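Survey of secondary and tertiary structure
Chain by chain, the residues:
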Amino acid sequence: FGSIFNRRLGQKYSGVDKSLSVVVPNKKCINNCRFCVSRMHESPYKNMMDENLPFFDLYQRDYIKRLEFARDNGCNTVMLTGNSEPQQNRGFLQAFGTMNNNLDKPFRWIEMQTTGVLLDESYLRFLRNHVGVSTISVSLSSFNNDINAEYNGTLPNLKVDLNKLCTLIKKYDFNLRLSINMTDYFDRLSPVEILTYARKKLLADQVTFRVLYTSTEGGIAQTEQDRWIMEHGASPERLEAVKEFVVEKGRPLEILEFGAIKYSVMGMSTVIDDDCMSTVPKDSLKYVILQPNCKLYSKWDDPASLIF
């Protein structure tokens, strides 16, 4: 990565470990999150990881080359994520686990981002034993199951019981990160109440406070998601209170590769992510993205960010 990034971005490669975001292909997300970034943009990337396509073996080799390239050049972490719930495509996860295990230098640190829908004990065992997932990052919009389902656009019959889900995740000895989407629900809770509930009730090891992303221009909403966020996003006062609490009460642990500081707060690793789309230029890349077209990019919403 070093020489490529230096030339293209005018940045000095620091050698810091980076994350590889693996986009798990699905036709449509089972959820309809009211604030979903993916629904603000049409994905321009075709899914070439379909075994029914001609020359699938060629594209599979291309995919493995990208995994190896990322692994060889500073990416030690894989985040299974995408424009949908990764667990919707068990076949791909099965194939990914096999491909990774067959690499000369497999990824050891594998995480998955999810709202938890469809996950049960059997699926968690599969993720742990075959795919090699060690950390599950549960994306939630409220501690109340009904509000969480409403904000995440989850069908009633698939509503997630957060307490039950988190208990199962810990039962199988995953690391549990809560990615807290900062909605107006959290305006009613103080920072210490939020973190206490995360630690005591949901058994979290890590917490990320995620400031909701908008594509507004000049304060004018551009999408349906923008309008929802302007109405239901956490207040600026609550966001500032959370930041102040984490900084004042937390113990700085280290600076992450994209500039955010990780703090130890109430026994949990705590991070504030106010740039989830990596839109602000930084001294290093936050992550690289492996799309289903078997190519690597540095930005979610810009095909011009093609790396390899």
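Please read these numbers as outputs of a predicted model, since none were measured by experiment. (Residues numbered from 1 in each chain as written. Predicted model: local features only at pLDDT ≥ 70, side-chain atom pairs only at ≥ 80, totals over all residues. Heavy atoms only, no water.)

**Comments concerning the sheet that holds strand 2 (residues 75-81)**
Heads up, the condition is: Two strands make a pair as long as DSSP finds a minimum of two bridges between them. Numbering goes from the N terminus for both helices and strands, where a helix is a DSSP run of H or I of at least four residues and a strand is a run of E of at least two.
The mixed open sheet is built from 11 strands, whose spatial order is 7-8-9-6-5-4-3-2-1-10-11. Two strands close off the open sheet at either side, each with one partner strand: strand 7 (251-255) and strand 11 (296-297). In terms of strand pairing, strand 1 (residues 18-23) meets strand 2 through 6 bridges, oriented parallel. Bridge pairing links Lys18 to Cys75 in strand 2.

**Thoughts on the packing of aromatic side chains**
Put simply, the test is: A pair of Phe, Tyr and Trp rings is counted when the ring centres sit within 6.5 Å of each other, with Trp represented by its six-membered ring. The angle between the planes then sorts it: under 30 degrees is stacked, over 60 is edge-to-face, the rest tilted. Three exposure classes are used, based on accessible area relative to the maximum for each residue type with a 1.4 Å probe and protein chains only: buried under 20%, partly exposed in between, and exposed over 50%.
All told, the structure shown has 10 aromatic pairs when counted by the stated rule. Here the aromatic rings of Tyr63 and Phe92 are separated by 6.0 Å at their centres, their planes lie at 85°, and the arrangement is edge-to-face. A residue pair is termed long-range when its members are at least 10 positions apart, and Tyr63 in helix 2 (residues 56-72) and Phe92 in helix 3 (residues 90-101) qualify at 29 residues. Residue classification places Tyr63 among the buried residues on the basis of a relative accessible area of 0%. With 4.9 Å between their ring centres and 45° between their planes, Phe69 and Phe308 make a pair best called tilted. Of this pair, Phe69 sits in helix 2 while Phe308 sits in the segment after strand 11, and the two are 239 residues apart along the sequence. Three or more aromatic residues joined by ring pairs form one cluster here, namely Phe143, Tyr185, Phe186 and Tyr197.

**Looking at the state of the cysteines**
The criterion, for reference: Cysteine sulfurs are considered disulfide-paired once they come within 2.5 Å of each other.
For the coordinates displayed, the defined rule picks out 0 disulfides. The cysteine Cys36 is free of any disulfide, with Cys33 supplying the nearest cysteine sulfur at 5.8 Å.

**What about the pattern of salt bridges?**
Threshold: A pair is scored as a salt bridge if a Lys or Arg side-chain nitrogen falls within 4 Å of a carboxyl oxygen belonging to Asp or Glu.
This model, assessed by the stated rule, comprises 8 salt bridges. One salt bridge connects Asp57 with Arg61, and the closest N-O pair in it is separated by 4.0 Å. One end of the pair is Asp57 and the other is Arg61, both in helix 2 and 4 residues apart, which spans about a single turn. When its relative accessible area of 45% is taken as the criterion, Asp57 is described as partly exposed. In this structure Arg61 comes out as partly exposed when scored by relative accessible area, which is 46%.

**Some remarks on the packing of helix 7 (residues 191-201) against helix 9 (residues 236-249)**
Going by this rule: As a rule, the C-alpha atoms of each element are fitted with a line to give its axis, helices using only the stretch in contact, and angles between N-to-C directions run from 0 to 180 degrees. Oblique is the label for any angle not under 35 degrees, not over 145, and not in the 65 to 115 range, which are roughly parallel, roughly antiparallel and roughly perpendicular in turn. Only heavy atoms enter the contact rule, under which two residues are in contact if any of them lie within 4.5 Å. We call Asp, Glu, Lys and Arg charged. Ala, Val, Leu, Ile, Met, Phe, Trp, Tyr, Cys and Pro are nonpolar, and the rest, Gly among them, are polar.
Where helix 7 contacts helix 9, the two axes come as close as 9 Å, and the packing angle between them is 70°. Comparing the axis directions of helix 7 and helix 9 gives the class roughly perpendicular. Two secondary-structure elements touch here, helix 7 through Pro191, Val192 and Leu195 and helix 9 through Arg238, Ala241, Val242 and Phe245. When grouped by side-chain class, the residues that make up the contact of helix 7 with helix 9 number 6 nonpolar, no polar and 1 charged.

**What to know about the pairing of strand 10 (residues 287-290)**
Burial along strand 10 is two-sided: Tyr287 and Ile289 facing one way and Val288 and Leu290 facing the other are all buried. For strand 1 and strand 10, the ladder comprises 4 bridges, and the chain directions are parallel. Each bridged residue has a counterpart across the sheet, and for Ser19 the counterpart in strand 10 is Tyr287.

**Some details on the packing of helix 2 against helix 3**
Rule in force here: For any pair of crossing helices, the crossing counts as left-handed if the nearer helix is rotated counterclockwise from the farther one by less than a right angle, and right-handed if it is rotated clockwise.
Viewed as axis vectors pointing N to C, helix 2 and helix 3 meet at an angle of 60°, and their least axial separation amounts to 11 Å. The orientation of helix 2 relative to helix 3 falls into the category oblique. Between helix 2 and helix 3 lies a crossing whose hand is right-handed. Packed against helix 2, whose contacting residues are Gln60, Tyr63, Ile64 and Leu67, the element helix 3 presents Phe92, Phe96 and Met99 at the interface.

**Focus: the confidence of the model for the chain**
Just so we agree on the cut-off: pLDDT: the predictor's confidence for each residue, scored from 0 to 100.
For the chain, per-residue confidence averages 87 on the pLDDT scale, and 86% of positions sit at 70 or higher. The low-confidence segment residues 1-16, where pLDDT is below 50, has 32 contacts with residues more than four positions distant or belonging to other chains. Below a pLDDT of 50 lies the segment residues 276-283, which in the model reaches 21 contacts outside its immediate sequence neighbourhood of four places, other chains included.

**Observations concerning the environment of Gly153**
Relative to the elements of secondary structure, Gly153 occurs in the loop between helix 5 (145-152) and helix 6 (162-171). Along the backbone, Gly153 and Phe35 are 118 residues apart, and their C-alpha atoms lie at a distance of 9.7 Å. With residues near it in sequence (within four places) discarded, Gly153 still touches Ile30, Asn31, Asn32, Cys33 and Arg34.

**Details of the pairing of strand 3 (residues 109-114)**
To be explicit about the condition: By the criterion used throughout, a crossover qualifies as right-handed when its path from the first strand across the helix to the second strand runs clockwise, the strands pointing away from the viewer.
With 5 of its 6 residues buried, strand 3 lies for the most part within the structure. Across 4 bridges, the pairing between strand 2 and strand 3 is parallel. Looking at the pairing, Val78 lines up with Ile110 of strand 3. Where strand 3 lies against strand 4 (residues 133-140), 5 bridges are found, and the strand directions are parallel. Residue pairing for strand 4: Gln113 is matched across the bridge by Ser137. After leaving strand 3, the chain enters helix 4 (residues 121-131) and then returns to the sheet as strand 4, a path that is right-handed.

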